[in-house]
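Summary of structural features
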Amino acid sequence: MQRLKENKKSGKIWEIIRIQRATEKTRIVFDTGKEQQFMNGKNHPAGNRRKNMKQKRRKPISPLVLFALLIVVMSCVIVILVAQNRSATDASNDSQNLPATTTNEEDAPDESDSKIETPVPNFDQADTISADIGAANAVLMQADTHAVLYQKEARAKIAPASTAKLITALTVLDTCAQDEVVTVGTEIMMMQQDASRAWLNQGDTLTIRQLLIALLLPSGNDAAYTLAVHTGRKIAQDDNLTETQAVEVFMEAVNEKAKSLGAVNSNFVVPDGYDADGQYTTAVDLAMIADACLDNACIAQLIGTYRSYEKWTSGREVTYYNTNQLLDSSSPFYYPEAIGIKTGSTGLAGDCLVSAAEINGKTYICVVMGAATSDARYQDSIQIYDAIKSTQ
């Protein structure tokens, strides 16, 4: 009996040791039958978890999940490609905007200028008003819209006379500053003997602005040549150019300027507009040039002035009067609404007047060319302006 008890006791101890060895994560079960089940792995918690995990791993990935992953990957690739392309484009643009290493920055052409649209006159309303004038050529244009409201042979080629001085003034200011000092030279001898003049003397020193006054008010052909020679040499960056060469350079710039303003049917040969072979313009081209003059603050102020007193840098004092009688309050042709612009008269051109007036809040430009007399150019212009009032 004692041995039997010892054997039973010994067997029990051995059974406990065996269970402890079998697992450390489960509670000790002294029931031999239940422990045997644990040992076989049938109800062991850890065994069940491993079995469930293996079953989960074996499940196939859903097609929807694969499709979503594909979309995400493709989106990332597209974003990367777009970013790389944009970086390459920006780098290309930056390299194009950099000035060439061999080009002077001041000489480099302004690409923005080539993108500016050239203004074009609109003839759709050319019969808006009627006028019975004697001048050979005429046009009335609204300044802000370039709408032609009246025309008479406005696109026919004609001589410009001193109205050409308007494009001369615009071209000068593209290159020269108003306060730039100029010394009058022998270029004043290039004008014709019967030309209108501002009575400049060789050795006079005055500013560009003062030369423009001498050009536009008394219509000085001498001032035209002084401005042309000075500006031509400056454009060419060569003070050694002869006077003739400088004028040629200047006139090339004049014609380029005219075309950029929409005066595409003109060719100017001399800076004062005096009759010359191959020189021509049209009434509508002059209207486009006049519109640009009104947009230029300096020129607009000068062409609207009747009397000007100036003391030049050389000490000489001068007073000039505008040849445009529409601005002269003592003239029978005084027109209160008039704000400029320029007279002209030669054998080929006849008597001419490019003028502007503000009527009922709008600015109108009137060009009358080839009038029979000086008075007739004012009478024709006033008739056209009055026709505007009668339609409003």
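Look a little higher up for the structure.
Here's a quick rundown of the structure. (Residues numbered from 1 in each chain as written. Predicted model: local features only at pLDDT ≥ 70, side-chain atom pairs only at ≥ 80, totals over all residues. Heavy atoms only, no water.)

This paragraph deals with helix α8 (residues 221–236). Helix length check: α8 (16 residues) gives 22 Å between terminal C-alpha atoms against 22 Å at 1.5 Å per residue, within 8%. For α8, the set of buried residues is Asn221, Asp222, Ala223, Ala224, Tyr225, Thr226, Leu227, Ala228, Val229, Thr231 and Gly232. On the buried face of α8, the contacting elements are α6 (165–175), β3 (181–183), α7 (208–216) and α9 (243–260). Phi turns positive, to about 55°, at Gln237, one or two residues after α8. (Helix = DSSP H or I, 4+ residues; strand = E, 2+ residues; numbered from the N terminus. Expected span 1.5 Å × (residues − 1). Buried < 20%, exposed > 50% of the residue type's maximum accessible area, 1.4 Å probe, protein only. Contact = heavy atoms within 4.5 Å.)

What follows concerns the pattern of salt bridges. Throughout the structure, instances matching the rule amount to six salt bridges. For Arg316, the salt bridge is made with Asp204, and the minimal N-O distance between the two is 2.7 Å. Here Asp204 lies in the loop between β3 and β4 (205–207) and Arg316 lies in the loop between β5 (307–311) and β6 (317–321), a separation of 112 residues in the sequence. A residue is classified by how much of its surface remains accessible, and Arg316, at 25% relative accessible area, is partly exposed. Overall, the relative accessible area of 9% leaves Asp204 in the buried class. (Salt bridge = Lys/Arg side-chain N within 4 Å of Asp/Glu carboxyl O.)

Once that is clear, we can look at the packing of aromatic side chains. One pass over the full model with this rule turns up three aromatic pairs. Seen in terms of ring centroids, Tyr335 and Tyr385 are 5.5 Å apart; in terms of plane orientation they differ by 25°. Their pairing is stacked. Taken together, the residues span a long stretch of sequence, with Tyr335 in the loop between β6 and β7 (338–346) and Tyr385 in helix α12 (residues 374–390) at a distance of 50 residues. Note on Tyr335: relative accessible area 5%, which makes it buried. In this arrangement the basic side chain of Arg155 is found over the ring face of Phe123, its NZ or CZ atom lying 3.9 Å from the centre. (Phe/Tyr/Trp six-rings, centres within 6.5 Å; stacked < 30°, edge-to-face > 60°. Lys NZ or Arg CZ within 6 Å of the ring centre and 35° of its normal.)

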